[in-house]
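What follows is the residue order along each chain.
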Amino acid sequence: MLDKDYNAAEIEKKWQDYWEKEHIYKFDKNSKKKIYVIDVPPPYASAGHLHVGHALHYTQFEIIARYKRMNGFNVYFAPCFDDNGLPTEKYVEEKLGVNKNTVSRKEFRKLCLEANEEVEEIYKNKVFKRLGHSYDWDLLYTTIGKEAQRVSQTSFLRLIKQGDCYRREEPTIWCTYHQTALAQAEVEDIKRKTKLNYIDFKLEDGKKINIATTRPEFLAACVGIFVNPNDKRYSNLVGKNAIVPIFNQKVPIMKDEKVDMEFGTGIVMICTFGDNTDIEWWKKHNLPLKIILDKAGKLNELAMEYKGLTLNDARERIIERLRKEKILVNQEDLEQTVGGCWRCNTPVEYIVTKQWFIKTIPYKDELIKQGRKIKWYPDFFRVRYEDWTKNLGWDWCISRQRHFGVPIPAWYCDKCGEIIVADEKELPTDPLEINKGKCKCGGHFKGDEDVFDTWMTSSMSPQISVKWLEENKEFSKRFPVSLRPQAQDIIRTWTFYTILKSYLHFKQVPWKDIALGTFVLDAKGRGMHKSKGNVVWADILLEKFNVDTFRYWVGKAKWGSDIPFKEEELVAGQKFLTKLWNASKFVLMHLENYDYNKPSKLEDIDKYYLLKLNEVINIATENYDIYNSSEANKAVELFFWHDFCDDYLEIVKDRLYNPDSRGNEGKKSAQYTLYKILNGLLKLFAPVVPHITEEIYQVEFAKKEKIKSIHISEWPKEEAITERMLRERGELFVEVMSKVRKSKADSKKSLKDHVILTLEKKSLNALGNMIEDLKAVTKAKEIKEGRFKTEF
């Protein structure tokens, strides 16, 4: 039997140890069951902690894994950690106070690996196992692990071979803080206030024109001036030359339809490079290149006296000089949106560097078609993916000027520039540790010092997870995978790149379904972020609340929506667990010595509640199948509290405590129904609150079903109920019972007080043999025929 009180800490530890010891969640490679694969989002091992939003997200799809396992699937659920690239470097730099430029590459990589191992151990034991997550830990992978490196490097080599990957010297989006190239998807909008500066430029004939710019610090890089061909004010300027203030270079005045006639004066300067439009014009009009910025974000010798200054310092000094020389005519306040690095929010710049790229622009239309082959939950997120794809303007830059990441398996001749790449048989490899000897020109091959963008590896997470290169025979059974659960804010990165890679390599979608998780806000509706001081850490929260209480809250979260975190809402979870424990104690007490055989005859009111259970099973199953777990749990919980605890347990007490009044068959009918409903409820609740349901299930039901765990038992099935008019009669029963309860409450009577109940003939006839249960639950001395009333 169950203890008097639910001892959560003891029970959670007991069953977590049991599940691990008995390999309850192990993927069975030899099973004939249909495989269900979840493409688990690798959490950044660099975060140091997981906040409550991460814990919710990972538990949300772990609930789906449990449901699918009970629903007859062989679930492939591989845990993983994303431990390469910029996020890890940033974490190490901040934690240890080092910089990739102040320690050797080898030492820096060693520090990153050590930090990863430490954090991964915390995540594994203090978060994921503590939350009762049902991973198969034998399938664990990390994105810096050898197999992940091999997959990433293999992808690179094969894309080169098929012409979809190339190296080129190009204007590149650049983070001056991290001193690395970025992809378009790693740039986020930043709003800032600045000044629009109206500056006079002289023409060769001595006349002046006025140009408005927010970036006077780029005057040294000015290579041209544009006006709109439809702007009659300036049609006479086209073909002339202007002199750039301070730096005195002569630049041509040209025309282009992209010039906004309403912005500033309608005359704009092009610099190499102040923004993306500058790059577009530079290419289109074949203009000269003047790069004034170094990789650290400081001006070089082309900026003359301003060499060595940061852009901000140079802006102040140049504005001061323009004002002093009375060339700065006016300034206006302006709020603008600029691109910033996704990790540090530093405004990005554009410099020309040699980088590796994967083609995306030629495949935009096809990638939209691929996206439409996938089922999106909720569906409206597909539009966000399509909008991003339609508006892509760059191929994907995959090389990063950092130390810690998957090495690019390429070598370059230091004399003629010839490129050679590794053979697949050599993978994984680090080109800095392999000597490729001399080039045919006499030069020496030097290994690439760059590493891949972290998304280069993460975009292959389905293939890494299901062991594309290790188990080729099994790969086709597991790919495309079943589900990609992920956060809403990385559709443009992880979703897009994974669909791209799957199309380029396999001409297939990577998954059948994609489900976007709940986004957790603080109590004031703001996003949680360490810099805001509003983060609630998962491991600390779990010291205060038991696991199933937290998971109960997760079960209420709607996929694809926002939810504010309020600690007081976890109290509802505690009350639910107490109610489930106490209701189960009552039921199990009355199932002692019960033989679990279905009686030859069920009471009609028992059939009605089994019919209600059928409806709940259907609602839960239908909603779980479309990743609407919140609606599934809402329906199950409503049935538990209202139909089962408030009503049915009260209805059958008389038959349980006084079997002589109705005969032994009436008691057996009640016992069978209690067993079916409680067993069904435990299974319906099991994906959400796995520990308490396991504890209750193991008392009696595990032995009866000869199953090691509720979590590998069969999802509840409908009971065959065919009684004519049963629903209508049952609803009438509940309606009358509720009216009597209300009458007692209005009259300030106890529910135990006896009544004389009068019902219309039609109702009496409809209720039929339910009358005896109605008399018992309402404490009716007698039920008479007439207009409805209750008498005390």
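Note that the structure is a prediction, hence the values are computed from the model and not measured.

The rules behind each value
Residues numbered from 1 in each chain as written. Predicted model: local features only at pLDDT ≥ 70, side-chain atom pairs only at ≥ 80, totals over all residues. Heavy atoms only, no water. Pairing = 2+ DSSP bridges. Helix = DSSP H or I, 4+ residues; strand = E, 2+ residues; numbered from the N terminus. Axes fitted to C-alpha atoms, helices over the stretch in contact; angles between N-to-C directions. 1 Å grid on protein atoms, 1.4 Å probe; cavity = no way out; pocket = protein on both sides within 12 Å on 5 of 7 lines; lining within 4 Å. Points joined across faces, edges and corners; volume = space filled by probe spheres on them. Nonpolar A, V, L, I, M, F, W, Y, C, P; charged D, E, K, R; others polar. Buried < 20%, exposed > 50% of the residue type's maximum accessible area, 1.4 Å probe, protein only. Contact = heavy atoms within 4.5 Å.

Peer 1: Help me understand the sheet that holds strand 18 (residues 410-413), please; the structure alone is not making it clear to me.
Peer 2: Spatially, the three strands line up as an open sheet ordered 19-18-20, and their pairing is antiparallel. Looking at the sheet topology across the chains shown, the edges are occupied by strand 19 (419-421) and strand 20 (445-447). Averaged over all adjacent pairs, the angle separating strand axes in this sheet is 30 degrees, with direction ignored. Examined bridge by bridge, strand 18 and strand 20 share three bridges and lie antiparallel to one another. Counterpart to cysteine 413 in the pairing with strand 20 is phenylalanine 445.

Peer 1: What am I meant to see in the layout of surface pockets here?
Peer 2: Picture a little ball the size of a water molecule; that probe, rolled over the atoms, points out where space is still empty. Approximately 1,400 Å³ is the volume found for the second largest pocket. In terms of lining, the second largest pocket is formed by 46 residues, of which the most central are Gly274, Asp275, Gln336, Thr337 and Val338. Broken down by secondary-structure element, the contributors of at least two residues to the lining of the second largest pocket are strand 7 (187-203), strand 8 (208-213), strand 12 (267-271), helix 6 (276-284), helix 7 (311-324), strand 13 (328-341) and strand 14 (349-358). Ranked by residue count, the leading element in the lining of the second largest pocket is strand 13, at six residues. Here the residues of the lining of the second largest pocket sort into 20 nonpolar, 16 polar and 10 charged.

Peer 1: Whenever I open this one, the pairing of strand 14 confuses me. Can you help?
Peer 2: Regular strands place side chains that alternate from one sheet face to the opposite one. Across the 10 residues of strand 14, eight count as buried, placing the element largely inside the fold. Summarising the sheet, strand 5 (residues 165-175) and strand 14 pair through 10 bridges and their orientation is antiparallel. Note that in strand 14 the partner of glutamate 169 across the bridge is lysine 354. The pairing of strand 14 with strand 16 (residues 396-397) spans two bridges and is classified as antiparallel.

Peer 1: Honestly, the side chain of glutamate 386 in this entry has me stumped. Any pointers?
Peer 2: As for its position among the elements, glutamate 386 is in helix 9 (residues 381-390). Since its relative accessible area comes to 5%, glutamate 386 is described here as buried. Ignoring anything within four residues of it in the chain, the contact list for glutamate 386 reads Ile368 and Arg372.

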